[in-house]
Amino acid sequence: MDEVVIAKRASSLVLRVICSKGSCQTNTDDADSHPLGLVNNSFRTCSIMKLIGRHIERDRSGYVTLQPEEDEDMWHLYNLIQEGDEIRAPAIRRVQTESATGSTSSHRVRTTLTLNVQKMHFSPAVSSSIAPNTNAAADGSNGPSQGASLSISGQVTAENQFVKMGAYHTLDLEVNRDVRIVKAEWDSIAFSRVKESCDEGRGAEVGAIVCGEGTAAVCLLSEHMTVIRQRVEVPVPRKRTGSTTLHDKGLTRFYETLYQSFIRHMPFASLRAIIIASPGFVKDAIYDYIFAQATKENNKALLQSKNKFLRVHVSSPHVHSLMEVMKSPEIASQLKETKFAREGIMLDRFHKMLGVDEMRAWYGPDHVALAADRGAIGALLISDELFRRVFSLLLYLASLASHYYSFTPSHNSASDPVLRKKYVKLVESVRQKGAEVLIFSSMHESGQQLNQLTGIAAILTFPLDVEVVEAEERTAKEEEEEKNAEQKGEERDK
């Protein structure tokens with residue numbers, strides 16, 4: 001293990017962390033005042049983003065060096081990196097050379113590039129899909145799975161022997177490769193994102209099988225993402241009068257295929273809970289089949305995890321039914337401490353409040369800001385999409401068969417630093433008044449639903465009439481304009 005050094009200089013506080021074999025330790029001699037607040041953080045092997053180094057000045061400019069290790073880390077980087085930032089990361093560049101005879105040849109070289117960010121494109125992990133006529137279930141292959149990717153385009157700001165200053169390049173960030181993020185100002189939302197991404201204990205906490213007869217999705221739910229590890233689709237013939245042989249054989253093939261997918265993709269030993277959700281009695285049949293096979297194969301690890309399994313009725317065999325799952329009392333009681341469950345509960349509470357007392361349920365940037373000015377917010381619900389200055393319209397409609405999410409940024413996304421600062425200031429103001437702030441992930445179903453409500457909503461501690469508040473604002477604005485006009489008139493008279 002290499003040494004870890006914390007040094008305090010006259011104008012800045014520097015923390016250098018070097019990891020070895022997937023684990024890090026920090027010295028806490030002098031880091032309490034640092035805005036990132038990441039001391040005393042040990043890292044779990046291959047499960048959370050590594051903090052490699054950081055240097056933050058007192059004016060909050062500086063850099064943080066991170067090493068992504070999984071798909072969720074790419075999502076954190078996508079939320080962390082913004083237009084105008086500088087990114088330094090490894091890249092492969094094609095280089096042409098000319099010999100003495102005039103012939104040219106090209107070859108690829110690995111170099112390190114520094115770019116000024118102008119455009120980003122995030123693609124979530126694409127789940128594999130298996131059917132009984134494939135060999136995926138038998139040979140243990142994962143099919144055409146593809147991890148999350150993040151591409152960053154911009155101009156080169158640091159010249160080297162392979163690239164010239166000002167040249168345009170696209171960086172494809174890779175797992176297990178360091179990336180340095182340089183910002184002119186690290187605001188509180190960016191600090192929180194770094195802290196969350198490097199937080200011990202982050203990772204998948206809940207597994208879920210959302211299924212119907214002949215169709216299923218094997219999912220993992222972490223703090224910030226719902227990842228579909230594999231989809232299973234098996235044709236199940238209908239029952240015929242006087243004979244159910246073909247129907248029973250189809251169900252057996254479906255159960256076997258799903259069981260193999262579950263064993264391959266579900267880390268059941270480390271999960272807090274495993275949910276089997278379906279309409280009707282499919283969930284019970286799958287539960288019975290899983291443990292019948294576990295007993296037959298003497299799978300002790302699976303048998304010891306039996307108490308983690310929960311069966312929940314939902315109205316649809318699709319992934320969006322996970323929102324129904326989170327509302328069920330037995331799930332809410334077990335997962336009440338997790339971030340995504342809290343988000344689902346609070347969003348459900350907002351919808352109920354909107355139905356019974358709409359004066360205490362406000363949404364939309366302007367209305368929520370007015371409620372915040374009056375100190376009326378008890379809980380603020382805001383999407384992480386609103387803090388991204390750079391965003392792309394990700395057209396995933398063609399890939400919906402392999403991935404659930406169709407990610408479409410809302411028109412309220414922060415496309416400039418002024419708008420981002422507005423939302424940051426709003427969050428800080430609400431927190432200072434003692435209210436709860438929940439930043440929803442757009443990669444969870446709850447975040448997708450919040451985005452449909454403009455991406456921001458609030459539950460108020462006391463009722464406020466929107467029309468009355470808007471009338472007060474108009475009156476105050478008119479009075480201010482009259483006062484300014486009088487002052488200008490007095491100045492002219494003088």
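This structure is a prediction, so every number in the text was calculated from the model and none was measured.

Caption draft 1: Here's a closer look at a negative patch on the surface. A grouping of Glu-478, Glu-479, Glu-480, Glu-481, Glu-482, Glu-486, Glu-490, Glu-491 and Asp-493 is seen on the molecular surface, where their side chains present a negatively charged patch. Structurally, Glu-480 is set in helix H13 (residues 466–493).

Caption draft 2: Quick look at the nonpolar core. If you look at the biggest cluster of nonpolar residues, it comprises 36 residues, and the most contacted ones within it are Leu-66, Leu-77, Ile-81, Leu-150, Leu-173 and Trp-186. Here Leu-66 is in contact with Met-49, Lys-50, Leu-51, Ile-52, Leu-77, Leu-80, Arg-177, Asp-178, Val-179, Ile-181, Val-194 and Cys-198, once residues within four sequence places are set aside. Within the second largest apolar cluster, 28 residues are counted, among which are Cys-211, Tyr-255, Tyr-259 and Phe-291.

Caption draft 3: Spatial organisation of the side chain of Thr-65. Turning to its location among the elements, Thr-65 is positioned in strand E4 (residues 62–67). Under the relative-accessibility criterion, Thr-65 is labelled buried at 8%. Discounting chain neighbours no more than four positions away, the residues touching Thr-65 are Lys-50, Leu-51, Ile-52, Gly-53, Asp-178, Val-179 and Arg-180.

Caption draft 4: Main features of the sheet that holds strand E19 (residues 456–460). Taken in spatial order, the four strands make up an open sheet running E16-E19-E17-E18, and their pairing is mixed. Either end of the sheet is taken by a strand with one partner, and the two such strands are strand E16 (361–363) and strand E18 (436–440). Taking each pair of neighbouring strands and ignoring which way they run, the sheet shows an average axis angle of 15°. Contacting E16, strand E17 (377–383) and E19, helix H10 (residues 365–373) runs over the sheet at an angle of about 130° to E16. Its contacts with the sheet put helix H11 (residues 417–432) on E17, E18 and E19, and the angle it makes with E17 is roughly 150°.

Caption draft 5: Structural detail: the pairing of strand E11 (residues 206–212). When you tally the buried positions in E11, you get seven out of seven residues, the bulk of the element. Hairpin connection, E11 to strand E12 (residues 215–221): the antiparallel pair is bridged by two residues, and Gly-214 has positive phi, about 90°. For E11 and strand E14 (residues 273–278), the ladder comprises five bridges, and the chain directions are parallel. Residue pairing for E14: Ile-209 is matched across the bridge by Ile-276.

Caption draft 6: Examining the confidence of the model for the chain more closely. On average, residues of the chain score 78 in pLDDT, and 79% of them are at 70 or above. In this model residues 134–144 is a low-confidence stretch, pLDDT under 50, and it forms 15 contacts with partners more than four residues away in sequence or in other chains. Throughout residues 389–415 the model reports pLDDT below 50, and contacts reaching past four residues in sequence, or to other chains, amount to 88 contacts.

Caption draft 7: Here's a closer look at unusual backbone geometry. For Asn-298, which is not glycine, the phi dihedral falls at a positive 55°. Within the secondary structure layout, Asn-298 lies in the loop between helix H5 (282–297) and helix H6 (300–304).

Caption draft 8: Fine view of the environment of Arg-231. As for its placement among the helices and strands, Arg-231 is situated in strand E13 (residues 226–233). Each C-alpha atom, one on Arg-231 and one on Cys-219, is 8.9 Å from the other, the two residues being twelve residues apart in sequence.

Caption draft 9: Just the pattern of salt bridges, in detail. All told, the structure shown has 13 salt bridges when counted by the stated rule. Salt-bridge contacts for Lys-50 lead to Glu-69; the nearest nitrogen and oxygen are separated by 3.2 Å. Linking Lys-50 in strand E3 (residues 50–57) with Glu-69 in the loop between E4 and helix H1 (71–80), this pair joins segments that are 19 residues apart in sequence. No difference in accessibility class separates Lys-50 from Glu-69, as the two residues are buried. Between Arg-342 and Glu-436 there is a salt bridge, with the nearest N and O atoms lying 2.7 Å from each other. Remark: Glu-436 occurs in strand E18 and Arg-342 occurs in helix H9 (residues 339–356); sequence separation between them is 94 residues. Arg-342 sits in the partly exposed class, given a relative accessible area of 29%. Since its relative accessible area comes to 29%, Glu-436 is described here as partly exposed.

Caption draft 10: Examining H1 more closely. Among the ten residues of H1, nine are classified as buried, and the element is accordingly described as predominantly covered. Of all the positions in H1, only Glu-72, Asp-73, Met-74, Trp-75, His-76, Leu-77, Tyr-78, Asn-79 and Leu-80 are classed as buried.

Caption draft 11: Up close: the pairing of strand E9 (residues 168–173). Residues His-169, Leu-171 and Leu-173 line the buried face of E9, whereas the alternating positions Tyr-168, Thr-170 and Asp-172 sit on a face that is not buried. Alignment of strand E8 (residues 149–156) against E9, held across six bridges, turns out to be antiparallel. Bridging from a neighbouring strand, Ser-153 pairs with Thr-170 of E9.

Criteria and thresholds
- Residues numbered from 1 in each chain as written.
- Predicted model: local features only at pLDDT ≥ 70, side-chain atom pairs only at ≥ 80, totals over all residues.
- Heavy atoms only, no water.
- Patch = residues over 30% accessible without salt bridge, like charges linked within 9 Å, V, L, I, M, F, W, Y side chains within 5 Å.
- Areas by Shrake-Rupley, 256 points an atom, 1.4 Å probe, with all protein chains shown as cover.
- Salt bridge = Lys/Arg side-chain N within 4 Å of Asp/Glu carboxyl O.
- Lys, Arg positive; Asp, Glu negative; His and termini not counted.
- Charge placed at Lys NZ, Arg CZ, Asp CG, Glu CD.
- Helix = DSSP H or I, 4+ residues; strand = E, 2+ residues; numbered from the N terminus.
- Core = buried A, V, L, I, M, F, W, Y, C linked by side-chain atoms within 4.5 Å.
- Buried < 20%, exposed > 50% of the residue type's maximum accessible area, 1.4 Å probe, protein only.
- Contact = heavy atoms within 4.5 Å.
- Pairing = 2+ DSSP bridges.
- Axes fitted to C-alpha atoms, helices over the stretch in contact; angles between N-to-C directions.
- pLDDT = per-residue confidence, 0-100.

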